[in-house]
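Here is how the chains run, residue by residue.
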4 protein chains.
Amino acid sequence: MAIREEDVRARPGRPRDPACDAAILQAALEVFAEEGYAGVSIDGVAARAGVGKATIYRRWASKAELVVEAVRCGASVDDRLPDTGDLRADLTSMMQPLIDRLRGDDAKLLTMFAVERQREPELQEQFNQSVIGKKREHLRHLVALAIERGELPPDTDVELIAEVPPALIWHHALYGLPMADDFLERILNMLIPARP
Amino acid sequence: MAIREEDVRARPGRPRDPACDAAILQAALEVFAEEGYAGVSIDGVAARAGVGKATIYRRWASKAELVVEAVRCGASVDDRLPDTGDLRADLTSMMQPLIDRLRGDDAKLLTMFAVERQREPELQEQFNQSVIGKKREHLRHLVALAIERGELPPDTDVELIAEVPPALIWHHALYGLPMADDFLERILNMLIPARP
Amino acid sequence: MAIREEDVRARPGRPRDPACDAAILQAALEVFAEEGYAGVSIDGVAARAGVGKATIYRRWASKAELVVEAVRCGASVDDRLPDTGDLRADLTSMMQPLIDRLRGDDAKLLTMFAVERQREPELQEQFNQSVIGKKREHLRHLVALAIERGELPPDTDVELIAEVPPALIWHHALYGLPMADDFLERILNMLIPARP
Amino acid sequence: MAIREEDVRARPGRPRDPACDAAILQAALEVFAEEGYAGVSIDGVAARAGVGKATIYRRWASKAELVVEAVRCGASVDDRLPDTGDLRADLTSMMQPLIDRLRGDDAKLLTMFAVERQREPELQEQFNQSVIGKKREHLRHLVALAIERGELPPDTDVELIAEVPPALIWHHALYGLPMADDFLERILNMLIPARP
DNA sequence: ACATAAGCGAGACGGTACGTCTCGTCTTCTG
DNA sequence: CAGAAGACGAGACGTACCGTCTCGCTTATGT
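Everything numeric in this text was worked out from a predicted model, so none of it was measured. (Residues numbered from 1 in each chain as written. Chains lettered and ligands numbered in written order. Predicted model: local features only at pLDDT ≥ 70, side-chain atom pairs only at ≥ 80, totals over all residues. Heavy atoms only, no water.)

## Examining the interface of chain D and chain C
Argument step 1. At the interface, 29 residues of chain D touch 31 residues of chain C.
Argument step 2. Both faces considered, chain D and chain C share a buried interface measuring about 2800 Å² in area, 61% of it formed by carbon and sulfur atoms.
Argument step 3. It is Arg119(D), Leu160(D) and Tyr175(D) that lose the most area in chain D upon contact with chain C, and together they represent 27% of the buried surface on that side.
Argument step 4. Across the chain D-chain C interface, the total number found is two salt bridges.
Argument step 5. Across the pair Arg186(D) and Asp157(C) runs a salt bridge, and its minimum N-O distance is 2.6 Å.
Argument step 6. Summed over the shared surface of chain D and chain C, the result is four residue pairs in polar contact (both at pLDDT 80 or more).
Argument step 7. Of all the secondary-structure elements, those providing two or more residues to the side of chain D that touches chain C are α6 (107-119), α7 (121-149), α8 (158-175) and α9 (183-191) of chain D. (Contact = heavy atoms within 4.5 Å. Buried area = accessible area lost by both parts, 1.4 Å probe. Salt bridge = Lys/Arg side-chain N within 4 Å of Asp/Glu carboxyl O. Polar contact = N/O pair within 3.5 Å; in protein donor to acceptor, adjacent residues only side chain to side chain. Helix = DSSP H or I, 4+ residues; strand = E, 2+ residues; numbered from the N terminus.)

## Section: the protein's contact with DNA strand E
Argument step 1. Around DNA strand E lies a shell of 52 residues, among which Asp17(A), Ile42(B), Tyr57(B), Arg59(C) and Ile42(D) are the nearest.
Argument step 2. At a separation of 3.2 Å, a phosphate oxygen of DNA strand E approaches a polar backbone atom of Gly50(A).
Argument step 3. Taking Arg59(C), its side chain carries an N or O atom lying 2.5 Å from a phosphate oxygen of DNA strand E.
Argument step 4. Across the surface near DNA strand E, the residue classes break down as 18 nonpolar, twelve polar and 22 charged. (Near = heavy atom within 4 Å. Nonpolar A, V, L, I, M, F, W, Y, C, P; charged D, E, K, R; others polar.)

## Quick word on the interface of chain A and chain B
Argument step 1. Listed by partner, the interface residues are 29 residues for chain A and 31 residues for chain B.
Argument step 2. Roughly 2800 Å² is buried in total at the junction of chain A and chain B, and carbon and sulfur atoms are behind 61% of that figure.
Argument step 3. Together, Arg119(A), Leu160(A) and Tyr175(A) form the three largest contributors to the area buried by chain A at its contact with chain B, with a combined 27%.
Argument step 4. Applying the counting rule to chain A against chain B returns two salt bridges.
Argument step 5. Summed over the shared surface of chain A and chain B, the result is seven residue pairs in polar contact (both at pLDDT 80 or more).
Argument step 6. When contributions to the side of chain A that touches chain B are tallied by element, the ones reaching two or more residues are α6 (107-119), α7 (121-149), α8 (158-175) and α9 (183-191) of chain A.

## Overview of the protein's contact with DNA strand F
Argument step 1. The local shell around DNA strand F holds 48 residues, among which Ile42(A), Arg59(B), Tyr57(C), Arg14(D) and Asp17(D) are the closest.
Argument step 2. Of all DNA strand F atoms lying within 4 Å of any protein atom, the proportion belonging to sugar or phosphate reaches 66%.
Argument step 3. In the model, a phosphate oxygen of DNA strand F is placed 2.4 Å from a nitrogen or oxygen of the Ile42(A) main chain.
Argument step 4. Going through the elements one at a time, α2 (42-49) and α3 (53-57) of chain A, α3 (53-57) of chain B, α2 (42-49) and α3 (53-57) of chain C together with α3 (53-57) of chain D are the ones with two or more residues in the surface near DNA strand F.
Argument step 5. Classifying every residue of the surface near DNA strand F gives 18 nonpolar, ten polar and 20 charged.

## A short note on helix α1 (residues 18-35) of chain B
Argument step 1. Compared with an ideal rise of 1.5 Å per residue, which puts 18 residues at 26 Å, α1(B) spans 26 Å between its outermost C-alpha atoms and is within 8% of the ideal.
Argument step 2. N-cap assignment for α1(B): the residue whose side-chain oxygen lies 2.8 Å from the backbone N of Ala19(B) is Asp17(B). (Expected span 1.5 Å × (residues − 1).)

## A word on the state of the cysteines
Residue and element names in this part refer to chain A.
Argument step 1. By the definition in use, this model includes zero disulfides over all chains.
Argument step 2. A disulfide-free cysteine, Cys20 has its sulfur positioned 15 Å from the sulfur of Cys73, the nearest such atom.
Argument step 3. Assessed through its relative accessible area of 17%, Cys20 is described here as buried. (Disulfide = S-S within 2.5 Å. Buried < 20%, exposed > 50% of the residue type's maximum accessible area, 1.4 Å probe, protein only.)

## Some details on the pattern of salt bridges
Side chains that carry opposite charge are capable of pairing whenever their charged atoms lie near each other.
All names here are of chain A.
Argument step 1. On inspection of all chains with the given rule, the structure shows 40 salt bridges over all chains.
Argument step 2. Among the salt bridges present, the one from Arg136 reaches Glu163, with a minimum N-O distance of 3.1 Å. Here Arg136 is found in helix α7, whereas its partner Glu163 is found in helix α8, with 27 residues between them in sequence.
Argument step 3. A relative accessible area of 11% places Arg136 in the buried class.

Read these as layout, nothing more, since geometry by itself doesn't imply function.
As structure tokens, then:
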């Protein structure tokens, strides 16, 4: 996660220019999409954003952090963690946007990011902490609640079930397997017993 | 892809020393397994292999090509396609070796290979056809047979179910999630209804 | 010639550290004096100066430029132009210091400087005008006066005689011929008839 | 001096191809004249001469030896060591060709060679041994004979006098001082007392 | 109102790896 | 054996980034 000040604005001195944040993230995203992680250079991003390097390092501690945030924003990975009391609805609300994106224009960006993560431990670390972790936790939470409500049998393997949707989605994306409109529906049908 | 000679041996001059190929690939593989892609440096590989840098660049045009080939050679895959008439047994026989390798020393190797495949369409294509495709086909075949035998309900989503084990295994591997000894058992428990 | 800034200090950004200039030139000079031109390596100079390679290449475009400047700075010349009325004394006073330096630690430095001048016409030009020219003129002046005083015969070839001492000194230096303590004395004995 | 077989031709096997000698020396000379010593690379010379590298190293032990011989041949530095019994004549016969060459088209080649010698200790060493040494020895020999014959006074400083002509010639060449047609004559007039 | 503290563009700095080049040696095959 | 071709170990070259550190300047705020 970036070194974002969450609010403070109690700090003395000149405040950070929000236009810089935008310009930097935009530039980073463009370069990443064009050249991949290795093609991103801080000097290059700074130049393209019309910004000094210090202005970047004041916000992000490393190239990895910058790229993570850029991709997260750029692909508008949404961080909503829904909890409506209906497992199907919640899972759909969390997973369908990912599927849509992986079937659309962002596909290349997202898979490229997934790939680069493996090549750059820093990147992986950063992303796991800032994004994946929370989602995983929430998925398990939703599954546990569903068991309590009786939507899933009591002996359900929570940790495992919670991984099935993202695992299948990414698996299909990475291997180029087709994901039809009813893809998520089929997954949920497999995981959630039909209501009697 | 590497600058491999087509084996002609009609070229004049001193032939390439095959011992160098081996030493370089071995060294690259070791460093890669220990430090990951970013940790591989040509100077380091050259030193460890007891070889000049030029000897590496004579064979591969860049670090990326070298690593791809090293991993491809190092990660030899086994391709048994069992069919004993028992789904649990067959899936175990197909999937457990993969899990074992992904939990063992080859883990980084295999995951990085999975990653590099994404960057080299040719490699991906070839690998899909020669290995993955057959396995996928066989898995579906096994699932279909299990339905016929009544081990799985008749309305089972064959294509989807068949992807779940590899998807979950790779998902855990790629995200560094723990895979305990009973990992495959839990997957099978989830997929296959308990025998009454 | 080096990429010297004209001292403007109107440039934006962090100014160059003068201590680096000094350290690099010093290190280059030392290596050069010890190992000769071919023995100078940028990595070596950088290491000895405690400086990154980029810091050198930011200032000089190549090894050659660096060495030229280092030597030029290191080989400061003295330019006394004596005129006591005694040819032997004046010539000794002008030439002995040169011999001493060429026999001492500065030998390699000075000869290499003489060499580099040949490769850098600009340097040669400037040096000829500012140092050599005046010395040559003064030598001829001294010889002419000596003729008037009768220390030398009236038909002496002024221009030629005036070149003999420096020519012989540099010739011996460049070819590594020995220059004993009485070297200058022998030259003068050859040129100036013994007083009756 | 090169590893020339001076004669042998008693060796078994295929004799060396004299055309190779010529092609290599020619190529080396061209590159040297165009690019200077540092610009000469064995690979480059081999390619330009249409010859394998081994064929060069079979004849010369190093780049320095090759370049020395190439320049010596190319500038047709003649190795005649005349001894007619007349000092003026012998000195003229030895020195005038050098002056002519330094005033003519070979000037650049020769001075460049003189310069590069200083930069490359190997080169200097090679050249001193193979060319300069013998000439210097012979000059001293001639001077000694002239003293015996009474052409020079008995107290003449042999070693010093012998160096004056080459020292003055090279001094003038390197500093761009004019050398008129009577340049050598003036030197000899200075050194050799007029015949009574 | 104006000092203070931080932001900003620019770019220097010590490092490290890159990919290229040359050296002088070694190894194959063909005449 | 000579010769053409070219692989080999070694190591310097000059470039490009990284992440940090000054510079001189600008911009809010808080007293």
